Amino acid sequence: MSIVRLLAAGGFTLYILVLCSFVSLTIIIERYWYYRTRSRIKRSKFMVTLAKELQSGHIKEALEICENTNTPFSNVVQTGLTMHGHNENVISNAMERTVTIEMIKLERFTGIVGTIGSTAVYIGLFGTVLGIIRAFQDISTAGVGGINVVIDGISEALICTAAGLCVAIPAVIAYNYFVRKVDNFITDMELCASETMDLLNHKHK
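Remember, predicted model here, so these are calculated numbers, not experimental data.

### What to know about the nonpolar core
In summary, soluble globular proteins display a tendency toward joint burial of nonpolar side chains.
At step 1: Of all hydrophobic cores here, the largest spans 44 residues; its most connected members are Phe 46, Leu 50, Val 77 and Leu 81.
At step 2: Only α2 (12-37), α3 (43-55), α4 (59-67), α5 (72-82), α6 (88-106), α7 (110-142) and α8 (147-204) provide two or more residues apiece to this core.
At step 3: For this core, the element with the most residues is α8, which contributes 16 residues.
At step 4: In contact with Phe 46, not counting residues within four places along its chain, are Ile 41, Ile 65, Cys 66, Thr 69, Phe 73, Ser 74 and Val 77.

Right, here's the structure in full:
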């Protein structure tokens, strides 16, 4: 069955599912690339390099390292180093705000994928119900039963169910992956913030 015939048999609910699939796939690709470009540098390696500069008193060089490292945790550390010389609470609060800002960026659009993953199945089921209703209407109109009378309605029902599952399954998998990645980024940011505070306090002593 061609794509045109599938869309015709699936009814308007199938068009909704195609739109959901397009939106979901676009966000999945964009988020995957976003996370990949910001996870090339390992936190442990970054902090070892940074610690050497801070222990030598090279604040400017440490800031340059942060600026050249495109990761959420480097932005948190950069905020802390920029506030160098202020009260410990001021530095800590500034880094916490940066963690929140970076977390918002990391979670951007992920809720849409989660929503599509949880609702696509129901949209497919809605199409299934409409297909069954159509099948009964065809029987009522024709006045007789038989497979030839209900074939269109049954096709619409089955196609919508399958389409709903095809859209929902990848979206749910991707959403769970996004949640895990965001959690890992948050952990790295919090650890870097804590280590940066220790390094700055040690430098003052």
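### Thoughts on the packing of α3 against α5
At step 1: Direction vectors running N to C along α3 and α5 enclose 20°, while the axes themselves pass 11 Å from each other. The angle between the axes of α3 and α5 places the two elements in the roughly parallel class. Relative to α5, α3 is oriented so that their crossing is right-handed. Contacts from Arg 43, Phe 46, Met 47, Leu 50 and Leu 54 of α3 reach α5 at Phe 73, Ser 74, Val 77 and Leu 81.

Criteria and thresholds
- Residues numbered from 1 in each chain as written.
- Predicted model: local features only at pLDDT ≥ 70, side-chain atom pairs only at ≥ 80, totals over all residues.
- Heavy atoms only, no water.
- Core = buried A, V, L, I, M, F, W, Y, C linked by side-chain atoms within 4.5 Å.
- Buried < 20%, exposed > 50% of the residue type's maximum accessible area, 1.4 Å probe, protein only.
- Helix = DSSP H or I, 4+ residues; strand = E, 2+ residues; numbered from the N terminus.
- Contact = heavy atoms within 4.5 Å.
- Axes fitted to C-alpha atoms, helices over the stretch in contact; angles between N-to-C directions.
- Parallel < 35°, antiparallel > 145°, perpendicular 65-115°, else oblique.
- Left-handed = near helix turned anticlockwise from the far one by under 90°.

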